[in-house]
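Chains, contacts and geometry: an overview
Spelled out from the first residue to the last, the chains are:
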Amino acid sequence: MTDYLKFYINGKWVDPTTPKTLDVINPATEEPIARISMGSADDVNKAVAAAKAAFPKYSTTSKQERIELLEAIIEAYKKHYPEIAAAITSEMGAPNKLSMQAQAAMGVAHFATNLELLKNYEFETDKGTSRIVREPVGVCGFITPWNWPINQIACKVAPALAVGCTMVLKPSEVAPINAYLFAQVLDEAGVPAGVFNLVNGDGPGVGAPLSSHPDVDMMSFTGSTRAGILVSKAAADTVKRVALELGGKSANIVLDDADFKKAVAGSVIGMMSNSGQSCNAPTRMLVPAKRQDEAIAIAKAAAESIKVGDPTAEGTAMGPVVSDVQFNKIQGLIQKGIDEGATLVTGGTGRPDGLNKGYYVRPTVFANVSNDMTIAREEIFGPVLSILPYKDEEEAIAIANDTVYGLSGYVQGEPEHARKVASRLRTGNVHLNLAGPDLNAPFGGYKQSGNGREWGEFGFEEFLEVKAVLGYNAA
């Protein structure tokens, strides 16, 4: 057990106003590995006050000063990289390889991307006789999730620092150790006191007072749609900017002209990466009805090839899901799929064979799923794939769009054909033929998957206000 009982406020590690602790559980062992303090409105007030006091000076730093700061953060992060990756494995269950090559890697990647954007970004431009000025939005409140923890922290903190904002971060209390290490990185890199502040806690204790705080100018939240609605409501009275990256139920249309084996197998492996705990995971696979049996055979073989087990062991492809709450939710939804008449192809309820402890879920594939079934409507957030047959392309597009979500979509097929289908999907992202992420492309969703965008220039500009100085260039 390691204690992480202090908060990072105004450049110092400080005790919480009221002592209250929470155990951090290793999902592979179900044993506590650390303790954190749980904050309150009083801690939020102190952190916001520090951020507000730091804003006037930090917001007027030069571009070069902020370039040098981001460079220093990247170097400090690299020193702590293995430690951050190990923390992510222990607190949320990502296998070592995934933590090293993807989870922790996203921290460096977002800072490097925003560093290059900052070097080339023009904060002032002219239109006619007016000067258009882009200025930092102010004090930002960040609430981040446990599933890609450093990714979601870095894709908010990096652009906010780059443009001159100050901030208060509430990371997930389920996987908070990586955020604690991240705060150490920023401290070592010389981020000025008050610019970045960290307060651990839960939604009611810290998230709500942060969202409603009158001195917070912007809230950026990543998590469930339910919680995002609460953040929006809490923020409404102070009319602050709110950026939301929420849930998804992404459709993956496999066209008849796709490389079927590659498309189906690759999609299964990709969807079940990170134990299916990705908001943009392609959890609804749409296949031509006449080829559903072929898709079933390929998907079954792919799912059964995934090695589930100890995330620290060599060769493990899938670790546990993050908590008992998530495990029980997923088990209930798998049972719901069975009860509602979907065909269970592989997997099912219970732990995989040989795993009697830990929040391990069997890689599960359902077929003959209709889009009105619970497993096709609700975000499961586990390694559970639904295969839905379609009779023609028009029906596939209609099924794909028949959801309250709109975060991501996937299309597999002949490139020009896939592009045409992609243009009709109501989603913020569309991946063609298993294309991976692009840090310079915007990330965010339509409908109940959120508003605003993260990553790249679009994410950079979320943290900027636009001022028009009229008559600036008048003769």
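A quick note: this is a predicted structure, and the numbers were derived from the prediction, not measured. (Residues numbered from 1 in each chain as written. Predicted model: local features only at pLDDT ≥ 70, side-chain atom pairs only at ≥ 80, totals over all residues. Heavy atoms only, no water.)

Here the focus is the overall build of the chain. Scanning the chain from terminus to terminus reveals 15 helices and 21 strands. Taken over the C-alpha atoms alone, the chain extends approximately 70 × 60 × 40 Å along its principal axes. Burial statistics for the chain: of 475 residues in total, 57% are counted as buried. Sequence separation of 24 or more characterises 73% of the internal contacts of the chain that already satisfy a separation of 6 or more. A total of about 18,600 Å² of accessible surface is found on the chain, and carbon and sulfur atoms cover 52% of it. Looking at charge distribution, the chain has the averaged site of its 44 positive side-chain charges lying 2 Å from that of its 54 negative ones. (Helix = DSSP H or I, 4+ residues; strand = E, 2+ residues; numbered from the N terminus. Buried < 20%, exposed > 50% of the residue type's maximum accessible area, 1.4 Å probe, protein only. Contact = heavy atoms within 4.5 Å. Areas by Shrake-Rupley, 256 points an atom, 1.4 Å probe, with all protein chains shown as cover. Lys, Arg positive; Asp, Glu negative; His and termini not counted. Charge placed at Lys NZ, Arg CZ, Asp CG, Glu CD.)

What follows concerns the pairing of strand β19 (residues 429-432). Residue alternation in β19 divides its side chains into a buried set, N429 and H431, and an unburied set, V430 and L432. Alignment of strand β18 (residues 408-412) against β19, held across 4 bridges, turns out to be parallel. What sits directly across from S408, in β19, is N429. One crossover worth recording links β18 to the parallel β19 by way of helix α14 (residues 415-422), and it is right-handed. (Pairing = 2+ DSSP bridges. Right-handed = clockwise from strand over helix to strand, strands pointing away.)

Unusually for a residue other than glycine, N10 sits at a positive phi of about 55°. Relative to the helices and strands, N10 resides in the loop between β2 (7-9) and β3 (12-14). Residue E30 is not a glycine yet carries a positive backbone phi of 65°. Mapping E30 onto the fold places it in the loop between β4 (21-26) and β5 (31-37).

Bringing the sheet that holds β4 into the picture now. Strand order in the open sheet made by the 3 strands is β1-β5-β4, with mixed pairing throughout. Here the strands that pair on one side only, and so sit at the sheet edges, are β1 (2-4) and β4. Strand after strand, the sheet turns through a mean of 30° between neighbouring axes, direction not considered. Looking at chain direction, β4 and β5 are connected through 6 bridges and run antiparallel. Pairing of N26 across the sheet is with E31, part of β5. Where helix α2 (residues 63-92) meets the sheet, it contacts β4 and β5, and its direction lies at approximately 95° from that of β4. (Axes fitted to C-alpha atoms, helices over the stretch in contact; angles between N-to-C directions.)

Another aspect to go through is the sheet that holds strand β7 (residues 130-136). With antiparallel pairing, the 3 strands of this open sheet are ordered in space as β6-β7-β21. Both outer strands of the open sheet, β6 (124-127) and β21 (464-469), are each paired with one neighbouring strand and no more. In this sheet, adjacent strand axes meet at a mean angle of 25° when their direction is disregarded. Two strands pair when backbone bridges link them, and β6 and β7 are joined in this way by 4 bridges, in the antiparallel orientation. Bridged to D126 within β7 is R131.

With that out of the way, let us pick up helix α4 (residues 105-120). Across its 16 residues, α4 extends 23 Å between first and last C-alpha, which sits within 8% of the 22 Å expected from 1.5 Å per residue. Buried within α4 are the following residues: M106, G107, V108, H110, F111, T113, N114, L115, L117 and L118. (Expected span 1.5 Å × (residues − 1).)

Core analysis: the largest hydrophobic core is formed by 76 residues, its most contacted members being F111, V157, L161 and F196. Sorting elements by how many residues they give to this core places α2 first, with 13 residues. Not counting the four nearest positions on each side in its chain, L161 is found in contact with Y58, R66, L70, I73, F111, M167, L186, V191 and V195. Counting 30 residues, the second largest nonpolar core, distinct from the first, contains L286, M373, A396 and A418. (Core = buried A, V, L, I, M, F, W, Y, C linked by side-chain atoms within 4.5 Å.)

This part covers the packing of aromatic side chains. Any aromatic ring pair is given by two values, namely how distant the centres are and how the planes are angled relative to each other. Per the counting criterion, the structure on display carries 14 aromatic pairs. Consider the rings of Y121 and F123, whose centres lie 4.9 Å apart with planes at 70°: the pair is edge-to-face. We classify Y121 as buried; its relative accessible area is 7%. Among the aromatic residues, those joined into a cluster by ring pairs are Y4, Y8, W13, F111, Y180, F182 and F196. A cation over a ring is seen here: R291 above F260, with NZ or CZ 3.8 Å from the ring centre. For the cation-ring pair, R351 lies above F327, with the distance from its terminal atom to the ring centre recorded as 5.3 Å. (Phe/Tyr/Trp six-rings, centres within 6.5 Å; stacked < 30°, edge-to-face > 60°. Lys NZ or Arg CZ within 6 Å of the ring centre and 35° of its normal.)

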